[in-house]
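Survey of secondary and tertiary structure
Residues per chain, in single letters:
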Amino acid sequence: MRIAGLVLAGGRSSRMAPRNKLLEPVGGEPMVHCVAAVALAGGAMPVIVVTGHEAPTVAAALRGLNVTIVANPDYAEGLSTSLREGLRALPAGIDGALILLGDMPEVEASVLGALMAAFTGTNAICVPARHGRRGNLVLWGAPTSPR
């Protein structure tokens with residue numbers, strides 16, 4: 001199975017302004033770096049990070065990681081525009097995509113692995129749950145019909 005990771009990191013961090021929460025340190029690394037590193041450690045390949053607000057600074061925070069950075073010029077219009085740009089950037093032959101938010105520093109690689117295991121052979125939409133509540137991490141299957 002080829003599962004890509006899409007890290008949505010284009011938001012304006014308006015509730016934390018003037019600071020960008022994606023650049024806040026978590027364990028000594030910028031938050032967005034931690035999320036992208038978890039996507040890689042969880043087995044997602046490729047990992048695509050969609051930037052928007054402060055794109056050059058967010059991209060710099062990802063140095064040293066094997067990720068593809070995609071700029072979303074329409075990031076101010078909302079998260080759906082970053083999702084659209086990330087989906088467009090997926091290479092052919094992907095079986096599914098893990099959608100992660102760039103501000104999820106507590107997500108663990110084991111959760112990604114569990115989602116991928118649950119997804120295998122189903123082509124379903126898989127989401128984690130904790131204490132009966134669905135989480136934000138989502139694994140979407142690739143379309144089975146031609147685009």
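Quick caveat: nothing in here was measured; it's all calculated off a predicted structure.

When we look at burial in helix α3 (residues 79-88), the residues that qualify are T81, S82, L83, E85 and G86. Of the surrounding secondary structure, the elements contacted by the buried residues of α3 are β1 (3-9), β4 (47-51), β5 (68-71), β6 (96-101) and β9 (138-141).

Let's shift gears to the sheet that holds β4. The strand order β5-β4-β1-β6-β9 describes an open sheet built from five strands, whose pairing is mixed. Each edge of the sheet is formed by a strand with only one pairing partner; in this case those strands are β5 and β9. If you compare each strand with its neighbour and ignore which way they point, the axes differ by 25 degrees on average. Here β1 runs beside β4; their pairing, made up of five bridges, is parallel.

Right, let's talk about the side chain of T81 for a bit. Its location among the elements puts T81 in helix α3. A distance of 3.1 Å separates the side chain of T81 from the backbone oxygen of D74, its partner in a polar contact. Engagement of the side chain of T81 in a polar contact is seen with the backbone oxygen of G78, the distance being 2.7 Å. When near neighbours in sequence (up to four residues on either side) are disregarded, T81 contacts N72, D74 and Y75.

Averaged over all residues, the pLDDT of the chain is 90; the fraction at 70 or higher stands at 94%. Confidence scores differ between elements of the chain, with strand β7 (residues 129-130) showing the lowest mean pLDDT of 84 and β4 the highest of 98.

Before going further, it helps to examine helix α1 (residues 31-41). Most of α1 sits out of view: eight of its 11 residues are buried. Every buried residue of α1 is accounted for by M31, V32, H33, C34, V35, A36, V38 and A39.

It is worth spelling out the side chain of E85 at this point. Of note, E85 is situated in helix α3. Classification of E85 by relative accessible area gives buried; the value is 16%. Polar contacts involving the side chain of E85 include one to the side chain of R88, which spans 3.0 Å. Non-local contacts of E85, meaning those with residues more than four positions away in its chain, are made with V50, V70, A71 and N72.

In this section: the nonpolar core. Grouped burial of nonpolar side chains is what soluble globular proteins tend to show. With 28 residues, the main nonpolar core has V32, V49, L98, L100, L112, L137 and L139 as its most contacted residues. A total of five residues in this core trace back to one element, the largest contributor, which is α1. Contacts of V32, omitting those with residues within four sequence positions, involve V7, A9, L22, V49, V58, A61, L62 and G102.

Secondary-structure assignment places A36 in helix α1. The exposure class of A36 is buried, given its relative accessible area of 0%. Remark: the alpha-carbon pair of A36 and V49, spanning 13 residues in sequence, is separated by 7.5 Å. Setting aside residues no more than four positions away along its own chain, A36 makes contact with V7, V49, L62, L65 and V67.

Within β6, five of the six residues are buried, which leaves the element mostly enclosed by the surrounding structure. Strand direction decides the pairing type here: β1 and β6, joined by six bridges, are parallel. Across the sheet, the residue bridging to G5 is L98, located in β6. Where β6 meets β9, four bridges bridge the pair, whose relative direction is antiparallel. Each bridged residue has a counterpart across the sheet, and for G96 the counterpart in β9 is G141.

Rules and cut-offs
Residues numbered from 1 in each chain as written. Predicted model: local features only at pLDDT ≥ 70, side-chain atom pairs only at ≥ 80, totals over all residues. Heavy atoms only, no water. Buried < 20%, exposed > 50% of the residue type's maximum accessible area, 1.4 Å probe, protein only. Helix = DSSP H or I, 4+ residues; strand = E, 2+ residues; numbered from the N terminus. Contact = heavy atoms within 4.5 Å. Pairing = 2+ DSSP bridges. Axes fitted to C-alpha atoms, helices over the stretch in contact; angles between N-to-C directions. Polar contact = N/O pair within 3.5 Å; in protein donor to acceptor, adjacent residues only side chain to side chain. pLDDT = per-residue confidence, 0-100. Core = buried A, V, L, I, M, F, W, Y, C linked by side-chain atoms within 4.5 Å.

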